[in-house]
Amino acid sequence: MPDTVAGLFRTRAEAETALRNLKEAGFGPDQLSLATPRIGRRGHYGLKVLVGIAVGALLGALLGAVATGMVPGVHPLVAGNVLATFLFAAVAGAATGGVAGGLLSMSASGDRALYYEQEVESGRFLVTVAGPRLADAEAIMRAAGAMEAAPVEAPVEKGRPRPDSG
């Protein structure tokens, strides 16, 4: 069940009117947020990729240590230069972790979040309302001139196009 309504506005004045009307209707400041083109929300994709690389490198180093027999009591699984095998495993683990971190961070953002982020970056203003009375918030935003106002996790209704379907 959705717990947030998002509304896109063409101008800052429309967005501020919507915020003022929402406050007058009893929505608290902790329930409201405004994302502008200059202060757009950003996913921490770089951080997630970096964490993926670090975790991948650690796991790769561990696998490399086991494969080369660097762990006491373990016989080498791979014959040859111990250092080269260890470094190869660490680098392969880091690369795999980085790709996995990037893919997970992109998939976690979801289509809707990505759509709203792109709209803000293109110059729109995004007002979000969290909490109860979402139908009221949606109606207030539409009355203030929202191009679109919809629950963020709402399923697509038949006959109503998805915002990202162009």
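Calculation rules
Residues numbered from 1 in each chain as written. Predicted model: local features only at pLDDT ≥ 70, side-chain atom pairs only at ≥ 80, totals over all residues. Heavy atoms only, no water. Core = buried A, V, L, I, M, F, W, Y, C linked by side-chain atoms within 4.5 Å. Buried < 20%, exposed > 50% of the residue type's maximum accessible area, 1.4 Å probe, protein only. Helix = DSSP H or I, 4+ residues; strand = E, 2+ residues; numbered from the N terminus. Contact = heavy atoms within 4.5 Å. Phe/Tyr/Trp six-rings, centres within 6.5 Å; stacked < 30°, edge-to-face > 60°. Lys NZ or Arg CZ within 6 Å of the ring centre and 35° of its normal. Pairing = 2+ DSSP bridges. Axes fitted to C-alpha atoms, helices over the stretch in contact; angles between N-to-C directions. Salt bridge = Lys/Arg side-chain N within 4 Å of Asp/Glu carboxyl O.

Draft legend 1. How the structure looks around the nonpolar core. Counting residues in each nonpolar core, the largest one holds 18 residues, and the members touching the most others are Phe9, Leu22, Phe27, Leu32, Val127, Val129 and Met141. Every element with two or more residues in this core is listed here: strand E1 (4-9), helix H1 (12-24), strand E3 (125-130) and helix H4 (134-143). Beyond its immediate sequence surroundings of up to four residues, Val129 is in contact with Asp3, Thr4, Val5, Leu22, Phe27, Gln31, Leu32, Leu134, Ala137 and Met141. Residues Ala6, Tyr115, Tyr116 and Val120 belong to the second largest nonpolar core, which totals seven residues.

Draft legend 2. Layout of the packing of aromatic side chains. One pass over the full model with this rule turns up zero aromatic pairs. Residue placement shows Arg133 over the ring face of Phe27; its charged tip is 4.4 Å from the ring centre.

Draft legend 3. Broad picture of the environment of Gly123. Mapped onto the secondary structure, Gly123 falls in the loop between helix H3 (82-121) and E3. In this structure Gly123 touches Arg10 and Pro37, once residues within four positions along its chain are discounted.

Draft legend 4. Region of the structure containing the environment of Gly7. Here Gly7 shows up in strand E1. In this structure, the C-alpha to C-alpha distance between Gly7 and Ala144, residues 137 residues apart in sequence, is 10.0 Å. Apart from residues no more than four positions distant in its own chain, Gly7 is found in contact with Phe125, Leu126, Val127, Met141, Glu148 and Ala149.

Draft legend 5. Up close: the sheet that holds strand E2 (residues 32-35). Strand order across the open sheet formed by four strands is E2-E3-E1-E4, with antiparallel pairing between neighbours. Looking at which strands have only one partner, the edges of the open sheet turn out to be E2 and strand E4 (148-151). Going across the sheet, the axis of each strand differs from the next one's by a mean of 15 degrees, ignoring polarity. Sheet topology note: the E2/E3 ladder contains four bridges and is antiparallel. Across the sheet, Ser33 pairs through a bridge with Thr128, a residue of E3. In this fold H1 packs onto E1, E2 and E3, with an angle of close to 175 degrees to the strand it touches most, E2. Those strands touched by H4 are E1, E3 and E4, and its axis lies near 5 degrees from that of E1.

Draft legend 6. Spotlight on the pairing of E4. The side-chain alternation of E4 yields two buried faces, one formed by Glu148 and Ala150 and the other by Ala149 and Pro151. Pairing analysis gives four bridges linking E1 to E4, with the strands arranged antiparallel. Bridging across to E4, Gly7 finds its partner in Ala149.

Draft legend 7. Spotlight on the pattern of salt bridges. Tallying each qualifying case throughout the model produces four salt bridges. Residue Arg12 is joined to Glu16 by a salt bridge in which the shortest nitrogen-to-oxygen separation is 2.8 Å. In this pair, Arg12 and Glu16 both sit in helix H1, four residues apart, roughly one turn of the helix. Accessibility expressed as a relative area gives 36% for Glu16, which makes it partly exposed.

Draft legend 8. The arrangement of the environment of Phe27 in detail. You can see Phe27 is positioned in the loop between H1 and E2. Residues Phe27 and Ala137, spaced 110 residues apart in sequence, show a C-alpha to C-alpha distance of 8.5 Å.

Draft legend 9. Inspection of the side chain of Glu138 at higher detail. Along the chain, Glu138 turns up in helix H4. When neighbours within four sequence positions are excluded, Glu138 is seen to be in contact with Val5, Ala149, Ala150 and Pro151.

Honestly, it's all geometry; don't read function into it.
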